[in-house]
Amino acid sequence: MASSDWDFVVWRRADDLRQQAERIHRNFLQMALATRYRIQQGRGARWEPPVNLIETDNSFWVICALPGVGKDDVQVQLEGNQLVIAGKRPVPECCRDGELRIWEMPLGQFERRLTVIDGGNPLAVGEVKLRDGLLLIELRKNS
């Protein structure tokens, strides 16, 4: 691999880490404000679930961590070259009357947008399944 290729890989990874840190920070601030001031999160307040993206010869696979989210509480769609994963993780029924003391897991509305480009070729949503708290999404390449 040429030196310039390594530079690209390093900067790409650094940018990915920066974006992840921004998501964590944004989620923390949203949760801290909601807890401190007991505000009702509106349409604009959404948390972003973490994802992994794997490329195979025929597809991209997106693995999204969504423990506690039922299959009826999540939607997956392509908007142009963006994959949109949206939904809601509710407070478990057993805990709805209690007072939240520690908030480490985000609850409520979530949305994650991923820009996936396959050299200008369109992608199509293939298999989508929710298993063991992981949402598995296949994006088929249409070369």
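We now turn to the structure provided with this report. Remember, it's a predicted structure, so these values are computed and weren't measured experimentally.

Thresholds, definitions, all that
- Residues numbered from 1 in each chain as written.
- Predicted model: local features only at pLDDT ≥ 70, side-chain atom pairs only at ≥ 80, totals over all residues.
- Heavy atoms only, no water.
- Pairing = 2+ DSSP bridges.
- Helix = DSSP H or I, 4+ residues; strand = E, 2+ residues; numbered from the N terminus.
- Axes fitted to C-alpha atoms, helices over the stretch in contact; angles between N-to-C directions.
- 1 Å grid on protein atoms, 1.4 Å probe; cavity = no way out; pocket = protein on both sides within 12 Å on 5 of 7 lines; lining within 4 Å.
- Points joined across faces, edges and corners; volume = space filled by probe spheres on them.
- Nonpolar A, V, L, I, M, F, W, Y, C, P; charged D, E, K, R; others polar.

1. So, the sheet that holds strand 7 (residues 134-141)
- The sheet built from four strands is open, its strands ordered 1-2-7-6 with antiparallel pairing. The strands lining the two open edges of the sheet, one partner per strand, are strand 1 (51-55) and strand 6 (123-131). The mean inter-strand angle of the sheet, taken between neighbouring strand axes irrespective of direction, is 15 degrees.

2. Focus on the layout of surface pockets
- The space that makes up the largest pocket amounts to roughly 1000 Å³.
- Lining the largest pocket we find 34 residues, and of these Gln19, Arg23, Val51, Arg112 and Leu114 sit closest to its centre.
- When contributions to the lining of the largest pocket are tallied by element, the ones reaching two or more residues are helix 1 (3-37), strand 1, strand 2 (59-65) and strand 5 (108-115).
- Top element by residues in the lining of the largest pocket is helix 1. It accounts for twelve residues.
- In terms of residue class, the lining of the largest pocket is made up of 14 nonpolar, five polar and 15 charged.

3. Overview of the sheet that holds strand 3 (residues 74-79)
- The strand order across the open sheet formed by three strands is 3-4-5, and the pairing between neighbours is antiparallel. Since the sheet does not close on itself, it has two edges, and those belong to strand 3 and strand 5, each with one partner. The mean inter-strand angle of the sheet, taken between neighbouring strand axes irrespective of direction, is 15 degrees.
- Relative to strand 4 (residues 82-89), strand 3 is paired through six bridges, and the arrangement is antiparallel. Considered in strand 4, the bridge of Val74 is made with Gly87.

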